[in-house]
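# Observations on the three-dimensional arrangement
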Amino acid sequence: TWNAGAERITGYGAAEIIGANFSRFYTNEARSSGAPCRALEEAARSGRFEAEDWRVRKDGTPFWTHVIIDAVRDPEGKLIGYAKVTRDLSEKNRAEAVLADTEEQFRRLVLNVVDYAIYMLSPTGHVSSWNMGAERIKGYSSEEIVGQHFSRFYPPEDQARGAPQHNLQLALENGHFQAEGWRVRKDGSRFWASVVIDAIRDDRGELLGFAKITRDVTERLEQQQRLDRAREELFQAQKVEAIGQLTGGVAHDFNNLLMVVLSSLDALGRRAALEDRDRRLLDNAIQAAQRGSQLTQRMLAFARKQELEQMPVDLPELVRGMSELLSRTLGPEIMIETRFPISLPQVLADPNQIDSALLNLAVNARDAMPQGGPLVISAREVDQGPGNAQNLKPGRYVCLAVEDRGEGMDAETAARATDPFFTTKGIGKGTGLGLSMVQGIAEQSGGRFILKSRKGEGTTAEIWLPVVDAKARAATETVQPIFPEPIPAEERPMKVLA
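Presented here is a report on the structure given in the accompanying data block. (Residues numbered from 1 in each chain as written. Predicted model: local features only at pLDDT ≥ 70, side-chain atom pairs only at ≥ 80, totals over all residues. Heavy atoms only, no water.)

### So, the overall build of the protein
Our working rule: A run of H or I in DSSP becomes a helix once it reaches four residues, and a run of E becomes a strand once it reaches two; helices and strands are each numbered from the N terminus. Accessible area is worked out with a 1.4 Å probe on protein chains only. A residue is then buried under 20% of its type maximum, exposed over 50%, and partly exposed in between. The contact criterion used is simple: two residues touch if any of their non-hydrogen atoms lie within 4.5 Å. Residue burial considers only the protein chains on display, and all accessible areas are found by Shrake-Rupley using a 1.4 Å probe.
Along the protein, the regular secondary structure elements total 16 helices and 14 strands. Of all 498 residues assigned to the protein, the portion counted as buried reaches 38%. The contacts in the protein between residues at least 6 apart in sequence include a share of 56% that link residues at least 24 apart. Just so you have it, the protein exposes about 29300 Å², and 53% of that area is on carbon and sulfur atoms.

Here is the structure:
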């Protein structure tokens, strides 16, 4: 017998095929191996034969089929023939092939992605797959990590508070979890990660596991931090510039007024015959006006509005000239030590301002060591190239350093130490302009002021000053000195800074 379905599938009409052996539907290879006979034998022996295999249409094209052959017997059990059902599975086979190819392409795509760690977790959080991106980012090979719990990627503090389990629970409840945080590589180093966890379920809604994607975004975090620091530095620079402009204008005018006051008081002291009590009051007024004048000088130095008389300065000679003044000012509890190389080039600076800055730093060091201790004044020559850590223009510099072993400062205090009017000293013990003045002198001289401090370990203050170039030195050497001998430090104008 032959039905319309058989004709449609195989292409044979009933007149063409009835009476012919069904083996003609098999491929040549199958017929040569005896497959048709084995199918009938299996059906006769067990009652049914079932399989999927290739068959051939009338026009010779192969197609994939699902075949069932049932043995047909009479009431006495005698075999009288076979009932055969054939289904054309070509479309299904092609769809499955396309799906398998797509799945293989997707698998290869996921496995070979290197910028993202893409892997599967079991419902309990154990790693069940691992791609190249995960190996590159986290450092574990597939053999090392598959079967391990994903909590090992978390820092110890996050593991202690149960963050891995909590994140899985959120993904389970909401279907999706996304966050950023620190993760740990195999070598123990940390990186900032963007993490996505999705719950994977079957058609019945049963949890199969979790899909996890991790991306290393440490560079983005560092860029954001650099941007935040740059914004903070810009804001600080704008704030200091505004305060400097205001301070410079006020200090200049106020200093002119003080000069009038001091001149008038001095004239009054010379001309009037005053009693002792009145003389003491006049002296107090003169001292107060002088202290006000010193304060305005510090304010002008901070605002960088004072006029510098820059000249080549021999720093070791300058410090030696100040030794007696420093000893008297700091007291016997402070042991002053100087460390200078045998040969040190001259720097371009105002010696009076450097005196003031050095004395200010020494007094600050003394105040940081109430029980006394060593104070080291040193200098060294450094050739700074482009992009140096001190942000100096390329060239040769001398670093004049004042180092103490006092209380030191924490990072927050050290960052604000050069801010105008910021002081850690008590009321009446400082104006908060000392270090700002030192910074102003250094930068107006073409250098930098750098403060290094650690809480409980002490502080090192560095004044970086440019080395005198050959042209400036030659011009200086041709000028005859006004004084035959160097002026001792105690005789030079000195601004004692609190």
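### So, the packing of helix α12 (residues 315-330) against helix α13 (residues 351-368)
This is how it is decided: Note on geometry: axes are lines fitted to C-alpha atoms, helical ones only across the stretch in contact, with angles between N-to-C directions running from 0 to 180 degrees. Oblique is the label for any angle not under 35 degrees, not over 145, and not in the 65 to 115 range, which are roughly parallel, roughly antiparallel and roughly perpendicular in turn. Here a crossing is taken to be left-handed if its near helix is turned anticlockwise relative to the far helix by less than a right angle, and right-handed if that turn runs clockwise. Amino acids outside the nonpolar list (Ala, Val, Leu, Ile, Met, Phe, Trp, Tyr, Cys, Pro) and the charged list (Asp, Glu, Lys, Arg) are all regarded as polar, and Gly is one of them.
Axis separation between α12 and α13 bottoms out at 10 Å; the angle between their running directions is 45°. If you check the angle between α12 and α13, you find them oblique. Crossing handedness for the pair α12 and α13: right-handed. Residues Leu-315, Leu-318, Val-319, Met-322, Leu-325, Leu-326, Thr-329 and Leu-330 of α12 form the contact with α13, whose participating residues are Pro-351, Ile-354, Asp-355, Leu-358, Leu-359, Ala-362, Val-363 and Arg-366. In the contact of α12 with α13, the residues fall into 13 nonpolar, one polar and two charged.

### Considering the sheet that holds strand β6 (residues 190-201)
As a reminder, the rule being used: A pair of strands counts as paired when DSSP detects no fewer than two bridges linking them.
Read from one edge to the other, the open sheet built from four strands follows the order β4-β7-β6-β5, with strand pairing classed as antiparallel. The open sheet is flanked by β4 (117-121) and β5 (176-184), the only strands paired with a single partner. Strand after strand, the sheet turns through a mean of 25° between neighbouring axes, direction not considered. Across nine bridges, the pairing between β6 and strand β7 (residues 207-216) is antiparallel. The partner of Val-195 across the bridge, within β7, is Thr-214. The sheet strands contacting helix α9 (residues 163-174) are β4, β5, β6 and β7, and the helix crosses β5 at an angle near 165°.

### Details of α12
Since the α-helix packs 3.6 residues into each turn, any two residues three or four apart lie on the same face. To keep it simple, the criterion reads: The term bend refers to the angle at a residue between two fitted axes, each drawn through seven residues, those ending there and those starting there.
Considering bend angle alone, the principal kink of α12 is centred on Ser-323 and spans about 45°. Restricting attention to buried positions, one finds in α12 the residues Leu-315, Pro-316, Leu-318, Val-319, Met-322, Leu-325, Leu-326 and Leu-330. Residues of α12 that are buried in the fold lie against β8 (311-313), β9 (334-339), β10 (347-349), α13, β11 (373-384) and β12 (395-404). One or two steps after α12, the chain reaches Gly-331, where phi turns positive at roughly 95°.

### Focus on the pairing of strand β14 (residues 458-466)
With respect to burial, β14 is a largely interior element, nine of its nine residues being buried. Pairing of β12 with β14, which is carried by eight bridges, proceeds in the antiparallel orientation. Paired with Tyr-397 across the strands is Pro-466, a residue of β14.

### Digging into the sheet that holds β14
If you trace the five strands from one edge of the open sheet to the other, you get β9-β11-β12-β14-β13, paired in mixed fashion. Looking at which strands have only one partner, the edges of the open sheet turn out to be β9 and β13 (448-454). With strand direction ignored, the average angle separating the axes of adjacent strands in the sheet is 20°. In this sheet, β11 lies alongside β9 in parallel orientation, the contact comprising six bridges. Residue pairing across strands places Met-335 opposite Pro-374, the latter belonging to β11. Against the sheet, α12 engages β9, β11 and β12, with an angle of about 175° to β9. The strands touched by α13 are β9, β11, β12, β13 and β14; relative to β12, the strand with the most contacts, the crossing angle is about 30°.

### Brief notes about the packing of aromatic side chains
Our working definition: Ring geometry is summarised as follows: Phe, Tyr and Trp rings, the Trp one being its six-membered ring, pair when their centres sit within 6.5 Å, and such pairs are stacked at plane angles under 30 degrees, edge-to-face over 60 and tilted between the two.
Counted according to the given criterion, the structure contains 10 aromatic pairs. When the centroid spacing of 5.1 Å and the interplanar angle of 75° are considered together, the rings of Trp-54 and Trp-64 count as edge-to-face. Of this pair, Trp-54 sits in strand β1 (residues 48-56) while Trp-64 sits in strand β2 (residues 62-73), placing them 10 residues apart in sequence. You can call Trp-54 partly exposed: its relative accessible area is 38%.

### Overview of the nonpolar core
The cut-off we apply is this: Definition used in this section: a nonpolar core is a set of buried Ala, Val, Leu, Ile, Met, Phe, Trp, Tyr and Cys residues joined via side-chain atoms within 4.5 Å.
In this structure, Ile-354, Leu-358, Leu-361, Leu-400, Phe-449 and Ile-463 are the most contacted members of the largest nonpolar core, which totals 40 residues. Mapped onto this core, the elements with two or more residues apiece are α12, β10, α13, β11, β12, α15 (434-444) and β14. Per-element accounting of this core gives the leading share, eight residues, to α13. Every residue in contact with Ile-354, bar those within four places of it in the chain, is listed here: Leu-315, Leu-318, Ala-349, Leu-400, Ile-441 and Leu-465. Core analysis: the second largest hydrophobic core is formed by 22 residues, Tyr-119, Ile-137, Ala-171 and Phe-210 among them.

### Comments concerning α9
Quick note on the threshold: An expected span of 1.5 Å times one less than the residue number is assigned to each helix. Relevant arc is that of directions from the helix axis to the C-beta atoms, nothing else.
Under the 1.5 Å per step criterion, the end-to-end length of α9 is 16 Å for 12 residues, consistent within 8% with the ideal 16 Å. For α9, the full list of buried residues reads Ala-163, Pro-164, Asn-167, Leu-168 and Ala-171. Seen end-on, α9 carries its buried residues on one side only, within an arc spanning 135°. On its buried side, α9 packs onto β4, α8 (156-160), β5, β6 and β7.

### Points about the side chain of Lys-212
Let me state the cut-off plainly: As used in this structure description, the phrase polar contact means that two N or O atoms lie within 3.5 Å; if the pair is within protein, one of them must be able to donate a hydrogen and the other to accept it, and residues adjacent in sequence are counted only when both atoms belong to side chains.
Along the chain, Lys-212 falls in strand β7. Within the local environment of Lys-212, its side chain forms a polar contact with the side chain of Thr-214, the two groups lying 3.0 Å apart. With sequence-adjacent residues up to four places away left out, Lys-212 is seen in contact with Ala-117, Ile-118, Tyr-119, Leu-121, Phe-150, Val-195, Val-196 and Ile-197.

### Here's the deal with the pattern of salt bridges
The following threshold applies: Here a salt bridge means any side-chain nitrogen of Lys or Arg lying within 4 Å of a carboxyl oxygen belonging to Asp or Glu.
Inspection of every chain in the model, using the stated rule, returns 22 salt bridges. Salt-bridge contacts for Glu-157 lead to Arg-190; the nearest nitrogen and oxygen are separated by 2.7 Å. Remark: Arg-190 occurs in strand β6 and Glu-157 occurs in helix α8; sequence separation between them is 33 residues. Taking the relative accessible area as the measure of exposure, Glu-157 reaches 41% and is therefore partly exposed. Salt-bridge contacts for Asp-216 lead to Arg-185; the nearest nitrogen and oxygen are separated by 2.7 Å. Remark: Arg-185 occurs in the loop between β5 and β6 and Asp-216 occurs in strand β7; sequence separation between them is 31 residues. A single salt-bridge network, built from bridges that share partners, covers Arg-380, Lys-452 and Glu-462.

Spatial relationships are all this shows, so hold off on functional conclusions.
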